[in-house]
Amino acid sequence: LSAIDADNTDSTLRYTITSLASNGMVRINGVDAVLNSTFTQNDIDSGLITYHHNGSETVSDSFGFTVFDRLTTTASQNFSFTINPVN
């Protein structure tokens, strides 16, 4: 997940969660995110944003988000990912 804006630093690009993952939890520095939780591009680049799968047999998940650059908020988008089954 990456956003780039020439007018802003990675610490000022703010993501807001608009829909939660269905098969696990997005975590911000080890804490489960809730609707409207925010994090920055710098948090992503620093490895502070993780996903914890719920252990079900699902092989995909996603969450919704917007990005704010101190002037404009993007339309809500989805970040989708694949889960490798272990069973």
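Draft legend 1. Just unusual backbone geometry, in detail. At asparagine 36, a residue that is not glycine, the phi angle is positive and equals roughly 70°. Tracing the chain through its elements places asparagine 36 in the loop between strand 3 (31-32) and strand 4 (38-40). Of note, the phi angle at arginine 70 is positive, near 80°, even though the residue is not glycine. With respect to the helices, strands and loops of the structure, arginine 70 is situated in the loop between strand 6 (60-68) and strand 7 (77-82). Note on arginine 70: relative accessible area 52%, which makes it exposed.

Draft legend 2. The pattern of salt bridges, seen in detail. Within this structure, the stated rule accounts for 1 salt bridge. In this structure, arginine 27 and aspartate 32 form a salt bridge, with 2.9 Å as the shortest nitrogen-oxygen distance. Of the residues examined, arginine 27 reaches a relative accessible area of 25% and is grouped as partly exposed.

Draft legend 3. Molecular detail of the packing of aromatic side chains. In this structure the tally under the stated criterion is 6 aromatic pairs. Their ring planes at 45° and their centres at 5.7 Å tell us that tyrosine 15 and phenylalanine 65 sit as a pair that is tilted. With a gap of 50 residues between them, tyrosine 15 in strand 1 (residues 14-19) and phenylalanine 65 in strand 6 connect regions that are remote in the sequence. Judged on exposure class, the residue tyrosine 15 and its partner phenylalanine 65 are both buried. An angle of 50° between the planes, with centres 6.1 Å apart, marks the rings of phenylalanine 63 and phenylalanine 65 as tilted. With a relative accessible area of 5%, phenylalanine 63 lands in the buried category. Among the aromatic residues, ring-to-ring pairing joins Tyr15, Phe39, Tyr51, Phe63, Phe65, Phe79 and Phe81 into one connected group.

Basis of the calculations
- Residues numbered from 1 in each chain as written.
- Predicted model: local features only at pLDDT ≥ 70, side-chain atom pairs only at ≥ 80, totals over all residues.
- Heavy atoms only, no water.
- Helix = DSSP H or I, 4+ residues; strand = E, 2+ residues; numbered from the N terminus.
- Buried < 20%, exposed > 50% of the residue type's maximum accessible area, 1.4 Å probe, protein only.
- Salt bridge = Lys/Arg side-chain N within 4 Å of Asp/Glu carboxyl O.
- Phe/Tyr/Trp six-rings, centres within 6.5 Å; stacked < 30°, edge-to-face > 60°.

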